[in-house]
Amino acid sequence: MQFNDCVQDEHMMPADRNSAPKPRQHPPICDYEGSNYRTEFWEGKGRNYEDRVERIALRRLLPPSGQRLLEVGAGFGRLTGEYHAYQQVVLLDYSLSQLQYAQEQLGRSERFVYVAADAYKLPFVAGAFDGVTMIRVIHHMAHVDAVLKQVRRVLTSGGTFVLEHANKRNLKSIVRYALKKQTWNPHDLAPVEFVELNFDFHPEYILRELKTAQFDVRTRIPVSFFRLNALKNAVPTGVLAGLDGLLQTTGVLLSPSVFVKSTAVGDSLDNLKASTIFACPECGGPLTPQRDAVLCQREGLRWAVRDGIYDFKAPLENDL
């Protein structure tokens, strides 16, 4: 999967694909490795408004303090600075190159841990985190239930999960459907894949999946109401962001993006004070530190540590 296949505006409508994603034996990955996502999609590309309103939403939803937060799909660390209330932040992304840039900006310290891994196979012990965020990520996931199950596993009971998802039932799609400019129904609960590995989700579909994964949904916030280039070019970013901030309090889920705050419920382990947060992504077994690697004691698989970044994308060759 190339960069241009993955990076689209998640509310463009170039295709009318009305069915839910079909089950696949090995879920496909949207890989940003080596991409210019930071410079071609964010920096200087007219998305200051989107960045600002997402930060407003995050600040509303994040708890005032916490011990350890997992940022799933951290990328180049665009939003990592918002997690200052947590003692430690683990940045996870499938792209090693994106994490390398984040590391250059944030530095190496015990507070930041960098992990290249598959979100479908989180390489952590159960209950290792009391906070998880997933912003602009789940729209690349063909199997929402599997990803949410992993997130719930690594969260301790009572932990906070902040999820952002692309909203299928946004005002633009409703109008287009009414004018017969698109064939898929924005009110239907099934996800729509408008470009390969780019999904829009109905808010009630996400609500159902969160409940199934043992999350108690506390708050849902509509975000990014003014995501139109004409408006962004005509009105100062601060004005649009201020108006969006007011609309976020309405709870009217007709915006292109929706932020959801939920709490992990049910019994789960608490490993916030464990000596290590890592576990083998293949078998869940314990890992032993080695020089520039960690070893799975159960399977004999070795996973590289590359310049301070834990690489769980594939085991090293010549495994012990």
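Structure: above.
What counts, and at which threshold
- Residues numbered from 1 in each chain as written.
- Predicted model: local features only at pLDDT ≥ 70, side-chain atom pairs only at ≥ 80, totals over all residues.
- Heavy atoms only, no water.
- Core = buried A, V, L, I, M, F, W, Y, C linked by side-chain atoms within 4.5 Å.
- Buried < 20%, exposed > 50% of the residue type's maximum accessible area, 1.4 Å probe, protein only.
- Helix = DSSP H or I, 4+ residues; strand = E, 2+ residues; numbered from the N terminus.
- Contact = heavy atoms within 4.5 Å.
- Polar contact = N/O pair within 3.5 Å; in protein donor to acceptor, adjacent residues only side chain to side chain.
- Phe/Tyr/Trp six-rings, centres within 6.5 Å; stacked < 30°, edge-to-face > 60°.

1. Examining the nonpolar core
Here comes step 1: Within the largest apolar cluster, 59 residues are counted, with the highest numbers of intra-cluster contacts made by Leu-70, Val-115, Phe-124, Phe-129, Met-134, Phe-161 and Leu-210.
Here comes step 2: With 5 residues, helix α5 (residues 144-154) is the single largest residue contributor to this core.
Here comes step 3: Excluding residues within four positions of it along the chain, Val-115 makes contact with Val-90, Leu-91, Leu-92, Asp-93, Leu-99, Pro-123, Phe-124, Phe-278, Ile-309, Tyr-310 and Phe-312.
Here comes step 4: Counting 28 residues, the second largest nonpolar core, distinct from the first, contains Ala-74, Val-89, Leu-99 and Val-162.

2. Some remarks on the environment of Asp-130
Here comes step 1: Relative to the helices and strands, Asp-130 resides in strand β4 (residues 129-134).
Here comes step 2: Put simply, Asp-130 and Gln-67 are 63 residues apart on the chain and 6.5 Å apart in space, counted from C-alpha to C-alpha.
Here comes step 3: The contact partners of Asp-130, leaving out residues within four places of it in the chain, are Gly-66, Gln-67, Arg-68, Tyr-86, Leu-155, Thr-156, Gly-159, Thr-160 and Leu-272.
Here comes step 4: Side-chain polar atoms of Asp-130 contact the backbone nitrogen of Gln-67, separated by 2.9 Å.
Here comes step 5: Within the structure, Asp-130 has its side chain in polar contact with the backbone nitrogen of Arg-68 (distance 2.8 Å).

3. Some remarks on the packing of aromatic side chains
Here comes step 1: Summed over the entire model, instances satisfying the criterion amount to 15 aromatic pairs.
Here comes step 2: A centroid spacing of 4.9 Å and a plane angle of 75° characterise the contact between Tyr-32 and Tyr-37, whose relative ring orientation is edge-to-face. The burial state of Tyr-32 is the same as that of Tyr-37; both residues are buried.
Here comes step 3: Ring centres of Phe-76 and Tyr-101 lie 6.3 Å apart, and the angle between their planes is 70°; this geometry places the pair in the edge-to-face category. Here Phe-76, found in the loop between β1 (66-72) and β2 (86-93), pairs with Tyr-101, found in helix α4 (residues 96-106); they are 25 residues apart in sequence, far enough to count as distant.

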